[in-house]
Every structure is written in structure tokens, then in C-alpha cells.
Amino acid sequence: MPESLEDLVELLDLEMIDVDLFRGRQPQTSAQRVFGGQVLGQALAAASRTVDPERVVHSLHGYFLRPGDTAVPIVYRPEPTRDGKTFSSRRVVASQHGRPIFYMSASYQRPEPGLDHQDPMPGDLVPPDEAPTLASVLEAASGRKAEDWNKEWSALDVRLAGVSGRQFWIRAAGKLSDDPALHACVLAYASDLTLLGASLLPHGLIIGDRRIQPASIDHALWFHRPFRADEWLLYDQASPSASGARGFATGRLFTEDGRLVASVAQEGLIRPVGLDLDEDE
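Residues numbered from 1 in each chain as written. Predicted model: local features only at pLDDT ≥ 70, side-chain atom pairs only at ≥ 80, totals over all residues. Heavy atoms only, no water.

Trainee: Teacher, can you tell me more about helix α5 (residues 180–191) here?
Mentor: Since the α-helix packs 3.6 residues into each turn, any two residues three or four apart lie on the same face. Taking 1.5 Å as the rise per residue, α5 with twelve residues should run 16 Å; its terminal C-alpha atoms sit 16 Å apart, in good agreement. Burial in α5 covers these residues: Leu 182, His 183, Ala 184, Cys 185, Val 186, Leu 187, Ala 188, Tyr 189, Ala 190 and Ser 191. Capping the start of α5 is the job of one residue whose side-chain oxygen sits 3.1 Å from the backbone nitrogen of Ala 181: Asp 179. (Helix = DSSP H or I, 4+ residues; strand = E, 2+ residues; numbered from the N terminus. Expected span 1.5 Å × (residues − 1). Buried < 20%, exposed > 50% of the residue type's maximum accessible area, 1.4 Å probe, protein only. Polar contact = N/O pair within 3.5 Å; in protein donor to acceptor, adjacent residues only side chain to side chain.)

Trainee: What is the right way to look at the layout of surface pockets in this model?
Mentor: Sizing a probe to match a water molecule and rolling it over the atoms shows the empty space that remains. Quantified by volume, the second largest pocket comes out at close to 1,100 Å³. Lining the second largest pocket are 35 residues; nearest its centre among them are Val 56, Val 57, His 58, Gln 109 and Phe 223. Within the residue set of the lining of the second largest pocket, elements represented by two or more residues are α1 (5–12), α2 (36–48), β3 (56–64), β6 (99–109) and α5. No other element matches the six residues that α5 contributes to the lining of the second largest pocket. Broken down by class, the residue content of the lining of the second largest pocket amounts to 20 nonpolar, seven polar and eight charged. (1 Å grid on protein atoms, 1.4 Å probe; cavity = no way out; pocket = protein on both sides within 12 Å on 5 of 7 lines; lining within 4 Å. Points joined across faces, edges and corners; volume = space filled by probe spheres on them. Nonpolar A, V, L, I, M, F, W, Y, C, P; charged D, E, K, R; others polar.)

Trainee: Is there a simple way to explain the UniProt feature "domain: Acyl-CoA thioesterase-like N-terminal HotDog" (unreviewed entry) in the chain in this structure?
Mentor: With numbering aligned to this structure, UniProt lists the feature "domain: Acyl-CoA thioesterase-like N-terminal HotDog" (unreviewed entry) at residues 31–108. Spanning residues 31–108, this segment combines 17% helix with 50% strand, and its end C-alpha atoms are found 33 Å apart. (UniProt positions renumbered as here; feature names shortened; annotations may be inferred.)

Right under this line is the structure:
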């Protein structure tokens, strides 16, 4: 994981190695595989580099095909599938060692007026300035030191917003430029951080539990309204179902003043490793 927000921004600043061909570097990490949010953010950055800056991403859908190798860069090839009068679409293939590890489709739209409504923001929240950091909560739950958790997420500021464990305040740990594409990429990166854990909560488990083998399978993200990823966003999460060693989770992201700016859905692997779920529950 990147050690700072500056490192994350550098990760998202891809090297162009040919027309519609980009290379993303890796952060220094002890992880055995690439964090899914990194691939999401870099793939979105690659796609956005090929689209008119006046068009804003409004949705992406990705599938994780193979674990990423943290020792070598990832190559991203965005395909300019369509540029219409209002919408542009891109398909991105991320590859390592000559094989695809991730597919993503993204759609962009020229901003235009229209009908407007949204769900209300949840209430009974702990304000960000009073909320405990996620690292401190996980230290208490896992016994692993908060400093270790902070090293993993130092590019982001994440805090527990509700006692249920399904709501978090989240923002970039520092100031970003005003580029909307960068804010979308940072949010894509952050959206993969805690979501799969929502499918473990009903079973009294956390995402760092060694009795569970977790991995993202797919990820969808819809951007509804303008936002800044360096300002507090409430990440409200739920898990309607878990079965077949897979967990399904959804999320909504609100600004502090209550605007719904994005929605997320994800299915991931939550395979038990030597765990008798009947006895555990």
C-alpha cells in the first residue's frame, strides 16, 4: 500500500508507453498480491487519459481475474469503444506477465441538467472529529497494533462513524489538486478498502481475520454528483447476502452536508480457512 497520499497520487499518474498504453508502478509493500483498489484506481486513470476532460466518469464495472504480482508493474490498455455526442465508453485490460488480471468498463458523460432526487443520509452518526480511527478499532478487535494498520492505509484517513461497524468517515489524508478525474480515481481506490468486511460482520469476523481468505471478485461504482475525495465522505455499507464462500456488499457515499455522491456494489471471496461456521456462530 502507498505510504502517503503523495505516493498514492504518484501511483495514479501512469506512465504512457505508447498510444493508449500505460504502465502503473507498484508501491513498496509486504503484501502477497496487489490491492484491488489500486488496480481500480489505475485502470480508471488509464481510461480517463483517453477521454475528453469535459466528460466526467459516471460508472465503472470491473472484474478481478487473477491476483496481481506486487513485484512488477501493471500494464493498462484502454480501448476507445465509443465517443458519442454525450457519452464516451472505454474498456480497459490490465495485464501482468502477458496475462490479463483485470477487466473494466467505464462510461463518461458530458454534464447536463435533469431530474434530481436521492436517498437521505443516515442519522445517529459520530462526527468525524470525534470518531475513532479504524486502526484503533481494529487494534482492539484483532490485537494487531494500530501502527501496523496505519501503515497499510496511510494515504487515507478512515474513522468509524457508527457503532454497527458498517459506517465510516473516509477521505484522502491530505490536499488533492482540483482535477475531478483524480478525485474519482482516489475514491475508486478507497471504495475497495472496507466494503468486503461488511459481509463478515454478521459472523463476528473482520477482514484481517486469518481464518478467512478474502479477495475481490468484481466491483461496480456509480458517480452521482460532484465531490472532493479530500473532504469527509460517509461510507454507509450493507451486506444483503453471503453464500457459497462469497460475500455481497453495497455502499453509499455521502458528503458531510448529506449529498449522495456515489454508490458501490461488490462481490468478494470470503472463503473460510479451517473455520467451522456452525460452531463459531
